[in-house]
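Understanding the architecture of this molecule
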Amino acid sequence: TTSAETLEFQSEARQLLQLMIHSIYSNKDTFLRELVSNASDALDKLRLEAFRDKELQADTDDLHIEIDTDPEKRTLTVRDNGIGMSRDDVVALIGTIAKSGTAEFLKKLKETKDSAASQDLIGQFGIGFYASFMVADKVTLLTRRAGSDEGVRWESEGEGTYTIETVPDLPQGTSVVLHLKPEDAEDQLFDYTSATKIKQIVKKYSDFITWPIRMTEGEETTTVNSMKALWARSSSDVTEDEYNEFYKHVAHDWNDPLETIRLQAEGTFEYQALLFLPGHAPLDLFMRERKRGVQLYVKRVFIMDDCEALMPEYLRFVKGVVDAQDLSLNVSREILQQDRQIQLIRRRLVKKVLSTVKTMMADENPYKYETFWKEFGRAVKEGLLDDHENRTAILDICSFASTNDPEKATSLREYVERMKDGQEHIYYLTGESRQSIENSPHLEAFQAKGYEVLVLTDPIDEMWVDAVAGYEEKQFQSVAKGEVELDSDTTDEQKEEFSGLLTWLTTTLSEQVKEVRLSSRLTTSPACIVGDTNDVTPTLEKMYRAMGQ
Ligand code: ADP
Ligand code: MG
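All of these numbers come straight from a predicted model, not from anything done at the bench. (Residues numbered from 1 in each chain as written. Chains lettered and ligands numbered in written order. Predicted model: local features only at pLDDT ≥ 70, side-chain atom pairs only at ≥ 80, totals over all residues.)

Thoughts on the packing of helix H2 (residues 30-52) against helix H6 (residues 195-206)
- For the pair H2 and H6, interaxial distance at closest approach is 9 Å and the crossing angle is 65 degrees. Regarding the angle of H2 to H6, the classification is roughly perpendicular. Helix-helix and strand crossings are classified by hand; for H2 and H6 the assignment is right-handed. Residues Leu 32, Arg 33 and Val 36 of H2 form the contact with H6, whose participating residues are Ile 201, Val 202, Tyr 205 and Ser 206.
- Its residues assigned to classes, the contact of H2 with H6 shows 5 nonpolar, 1 polar and 1 charged. (Axes fitted to C-alpha atoms, helices over the stretch in contact; angles between N-to-C directions. Helix = DSSP H or I, 4+ residues; strand = E, 2+ residues; numbered from the N terminus. Parallel < 35°, antiparallel > 145°, perpendicular 65-115°, else oblique. Left-handed = near helix turned anticlockwise from the far one by under 90°. Contact = placed C-beta atoms within 7 Å. Nonpolar A, V, L, I, M, F, W, Y, C, P; charged D, E, K, R; others polar.)

This is the structure in structure tokens:
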């Protein structure tokens, strides 16, 4: 019944493996966190599937994770009795990298020359199972899908190919056997056959895993982790390190989060939320198949990843967990979208995220907010179009480049505080780059009067400025559109004086322009082109054309 095959890794996977084998990543211990994280996910999935599918022939009696070390053979094994994988699963999940943004990541990595920067990039990408190859020169994976009779044996040295075959009599779930690199044998730091070392690593990175992680030494089996769901513990008991490690598990990120947000609701509808703002944007933030990052639990039982009902699209980068006490374990995505309680949770989460960012903004140390805005600002601004209820709260946390200080972005509040006497509007100019905006003749008169102009260069800016009426009763007004007149209007005499020229220009340019007008908006340039108040701007026009409209 066995049909052993040697298959090639998909090319992205091969490149990632090369990276891991010749690893420049300094913290090798993280491989264990990845394996335990996968084992925990596999147990979550099995519990849920067994609950939903009563026909499933699965053993759910003693769900746990086991770690074994063998100093003699120099192996380390991580075993779970979770959902397991079929042969096709193994080929698809282990033989390829399905993560969107992988190609971009590899490209960036190739272009990155210094090693600290490439480590940072690897950390951002988060390399799961393949992290095994930081410490092992051969990995054997044995697995059987719950409910199936057919076991699978997979083995690879990480060098481009793997073997896969069907084997009988495997226990349900997955074992990953690492054949540890001989060159690490002498190094205490990398002694992954030492039970003490393994316990330390588990404590440090995986303590919050809610399944027992067991180790056997001699006759005695102990559970190494405390198993408490972090979000159910009182926040004063949980250390920042614990939150950070939990974040890495839920977000599949290797770096610390920028901010941790906790929320607890008691009473008739009880729930806990533990949310994180990541320190960097995922590579797929603007890709079509992007996902939302919050997991749903019901009474500590994992229900689903990427729960879109809990976070609006524009906050898709928020990661974390929501544990609701009163939902049915049978809820589906469709039901959730309609569920009143979920809608209430979502409203509260959104407000909490926005207010957290506002607090970050008020902090003396601008680093956190600035990082947040640099990474996620473009996504957040989508909320100005989508989320009417929170429009003001979103405007409050926005910042924009402006002519006030080329080095420093401004909030709208700061802009309004600086407005000159007699200035009625919040002026802005959209364009492709700061430079093209600064060179624009449209700015001249505004600068001459000392009026500040927001410099908007994101494509999304073109859209929200049309949709959002204003901020603190001040309207947004493009300096490139319509008859923006600054108080010193042209006089009748001037109109008279130039009427001949204007008529001549209008006739000569009739193919190119609608109208030629005398204006006070220029100081040094002789002429400029303006759009009608309701025209689409050149950038938008380009966007529409690119979208084929
Ligand atoms: P990620 O966990 O971010 O999806 P990994 O590289 O860690 O990426 O794992 C890839 C996939 O392989 C997982 O999503 C999962 O479907 C599968 N997998 C890995 N380990 C296990 C396991 N112990 N049991 C079942 N499936 C697993
Ligand atoms: Mg993983």
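Describing the confidence of the model for the protein chain
- Across the protein chain, the average pLDDT comes to 90, with 94% of residues at 70 or higher.
- Both scores are available for the predicted complex, with the pTM at 0.85 and the ipTM at 0.99. (pLDDT = per-residue confidence, 0-100.)

Looking at the environment of Ala 131
- Mapped onto the elements, Ala 131 comes out in the loop between helix H5 (115-125) and strand S4 (136-144).
- The class for Ala 131 is buried, based on 25 C-beta atoms found within 10 Å.
- Expressed as a C-alpha distance, the spacing of Ala 131 and Phe 31, which sit 100 residues apart in the sequence, is 4.9 Å.
- Excluding residues that lie within four positions of it along the chain, Ala 131 makes contacts with Met 20, Thr 30, Phe 31 and Glu 34. (Buried ≥ 20, exposed ≤ 12 C-beta atoms within 10 Å, placed from the backbone.)

Describing the site of ligand 1
- As a matter of local geometry, ligand 1 sits amid 15 residues, with Asn 38, Ala 42, Leu 93, Gly 128 and Phe 129 nearest to it.
- Sorting elements by how many residues they give to the shell around ligand 1 places H2 first, with 4 residues.
- For the shell around ligand 1, a count of residues per class yields 7 nonpolar, 6 polar and 2 charged. (Near = placed C-beta within 6 Å.)

A look at the sheet that holds strand S3 (residues 75-80)
- Strand order in this open sheet of 9 strands is S1-S6-S5-S4-S7-S3-S2-S8-S9, and the pairing throughout is mixed. Only two strands of the sheet have a single partner each, and these edge strands are strand S1 (5-8) and strand S9 (220-223). Averaged over all neighbouring strand pairs, the angle between strand axes comes to 20 degrees, with direction disregarded.
- Alignment of S4 against strand S7 (residues 173-180), held across 8 bridges, turns out to be antiparallel. Paired with Thr 140 across the strands is Val 177, a residue of S7. (Pairing = 2+ DSSP bridges.)

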